[in-house]
Amino acid sequence: MRPNPPFIPFLPPRMVVHNFAQIPAVPTAETLVEDVLRAGQKQAMDTEQLSMDEIRSFYMRKVSLAQQAFAEKMATIVESFPQMDTLHSFFADLFSVLYERDHFLLATAKLSDGGSSIARVASDYTKLLLFADSPDRCKEQARVSLGRMCTCIIQLNASLAYLEQVSTLRTVLRDRCTVCGADIGHGAARPDNICHGCRPSTQTPGTCSSAAA
């Protein structure tokens, strides 16, 4: 007779404690473009004494560095916000009420798609630079590629502006728990997952230890 398998209880996924106070301000599309282009202007080089292969390599590197800079900035913005699937249910509900979960997910998805579009632009123009036959042609291809990357960023201006509104959550939950009116200390909520300043097991509803301090 086959023995019964051991009983393995179902464990819910571990909830992530996100520090909302560390959400940075989201820059506008114009600010992102200016920062990347300003950094690219520092990479000027006198191409008169260079061979065509060196000129191609210089402009290809210029396009690649711009693409990497845009990708890093977009990834930093997306990663600074909490993941809805792993966020504690209390904060997930609060987030949905204040900022509308679907709109937030759509905005972050657009930023991720924008990074992919910029990567495709950089890849296409890097291939075109391989066949450029003059320094002016290389410069023109690099200029057009940077322009298309900037266009991709400008098209994300509405999503960036919305995420800047969402980032104001850091001012709501920075030093005190302003949503302690409900008795969130009982039931499935764990004290260490609710608020670093609040300990519902020792605080009464409507009070916060960080606010009292």
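Quantities reported herein were computed from a predicted structural model and do not represent experimental measurements.

## Digging into the overall build of the protein chain
Right, on to step 1. Each helix and strand in the protein chain was counted, giving 9 helices and 0 strands.
Right, on to step 2. When the helices and strands of the protein chain are read in sequence order from the N terminus, they spell out α-α-α-α-α-α-α-α-α.
Right, on to step 3. Classification of the 213 residues of the protein chain by burial places 35% in the buried group.
Right, on to step 4. Restricting to contacts in the protein chain with at least 6 residues of sequence separation, those with at least 24 account for 80%.

## With respect to the packing of helix α2 (residues 52–79) against helix α4 (residues 101–129)
Relative placement of two packed helices is described by the angle separating their axes and the distance separating the axes.
Right, on to step 1. Running from amino to carboxyl end, α2 crosses α4 at an angle of 175°, the nearest separation of the two axes being 10 Å. Here α4 runs roughly antiparallel to α2, going by the angle between their axes. Taken together, the residues of α4 that come into contact with α2 (itself represented by R56, Y59, M60, V63, Q67, F70, M74, I77 and V78) are T108, L111, S112, I118, A119, A122, T126 and L129.
Right, on to step 2. When the residues that make up the contact of α2 with α4 are grouped by side-chain class, the tally is 12 nonpolar, 4 polar and 1 charged.

## A few points about helix α3 (residues 89–99)
Right, on to step 1. If you check which residues of α3 are buried, you get F91, A92, L94, F95 and Y99. The buried residues of α3 occupy an angular sector of 165° when projected down its axis, which confines them to one face.
Right, on to step 2. E100 sits one or two residues past α3 and shows a positive phi near 65°.

## A closer look at the packing of aromatic side chains
Right, on to step 1. Taken as a whole and assessed by the stated rule, the structure comprises 2 aromatic pairs.
Right, on to step 2. Consider the rings of F58 and Y59, whose centres lie 5.0 Å apart with planes at 70°: the pair is edge-to-face.
Right, on to step 3. The exposure class assigned to Y59 is buried, which follows from its relative accessible area of 10%.

## Considerations on α2
What sets the pattern is the α-helix's 3.6 residues per turn: residues three or four places apart point alike.
Right, on to step 1. Its 28 residues place the ends of α2 40 Å apart at the C-alpha level, agreeing with the 40 Å of an ideal helix rising 1.5 Å per residue.
Right, on to step 2. Taken together, the buried positions of α2 are I55, R56, F58, Y59, K62, V63, A66, Q67, F70, M74, I77 and V78.
Right, on to step 3. At its buried positions, α2 is contacted by α1 (29–41), α4, α5 (135–154) and α6 (157–166).

## A word on the confidence of the model for the protein chain
Right, on to step 1. Looking at the protein chain, the pLDDT average stands at 76 and 67% of residues meet or exceed 70.
Right, on to step 2. Ranking the helices and strands of the protein chain by mean pLDDT puts α5 first, with 93, and helix α9 (residues 209–212) last, with 40.
Right, on to step 3. Below a pLDDT of 50 lies the segment residues 7–12, which in the model reaches 0 contacts outside its immediate sequence neighbourhood of four places, other chains included.
Right, on to step 4. In this model, residues 175–213 is a region of pLDDT below 50 whose contacts with residues beyond four sequence positions or in other chains number 48 contacts.

## Focus on the environment of I153
Right, on to step 1. The residue I153 is located in helix α5 in this model.
Right, on to step 2. By relative accessible area, which is 0% here, I153 ends up buried.
Right, on to step 3. Sequence spacing of I153 and L111 is 42 residues, and the spatial spacing of their C-alpha atoms is 8.7 Å.
Right, on to step 4. In this view, I153 contacts A29, L32, V33, F70, M74 and I118; residues no more than four positions away in its chain are not counted.

## Thoughts on the side chain of Q67
Right, on to step 1. The topology assignment puts Q67 in helix α2.
Right, on to step 2. If we ignore the near neighbours within four places in the chain, the residues touching Q67 are I118, A119, A122 and M149.

## With respect to the environment of S167
Right, on to step 1. Within the secondary structure, S167 sits in the loop between α6 and α7 (169–172).
Right, on to step 2. Sequence-wise, S167 and Q22 are 145 residues apart; in three dimensions their C-alpha atoms are separated by 9.5 Å.
Right, on to step 3. Residue contacts for S167: discarding those within four places in its chain leaves I23, P24, A25, V26 and F81.
Right, on to step 4. Only 2.6 Å separates the side chain of S167 from the backbone oxygen of E164, close enough to count as a polar contact.

Reading the values: the criteria
Residues numbered from 1 in each chain as written. Predicted model: local features only at pLDDT ≥ 70, side-chain atom pairs only at ≥ 80, totals over all residues. Heavy atoms only, no water. Helix = DSSP H or I, 4+ residues; strand = E, 2+ residues; numbered from the N terminus. Buried < 20%, exposed > 50% of the residue type's maximum accessible area, 1.4 Å probe, protein only. Contact = heavy atoms within 4.5 Å. Axes fitted to C-alpha atoms, helices over the stretch in contact; angles between N-to-C directions. Parallel < 35°, antiparallel > 145°, perpendicular 65-115°, else oblique. Nonpolar A, V, L, I, M, F, W, Y, C, P; charged D, E, K, R; others polar. Arc of directions from axis to C-beta. Phe/Tyr/Trp six-rings, centres within 6.5 Å; stacked < 30°, edge-to-face > 60°. Expected span 1.5 Å × (residues − 1). pLDDT = per-residue confidence, 0-100. Polar contact = N/O pair within 3.5 Å; in protein donor to acceptor, adjacent residues only side chain to side chain.

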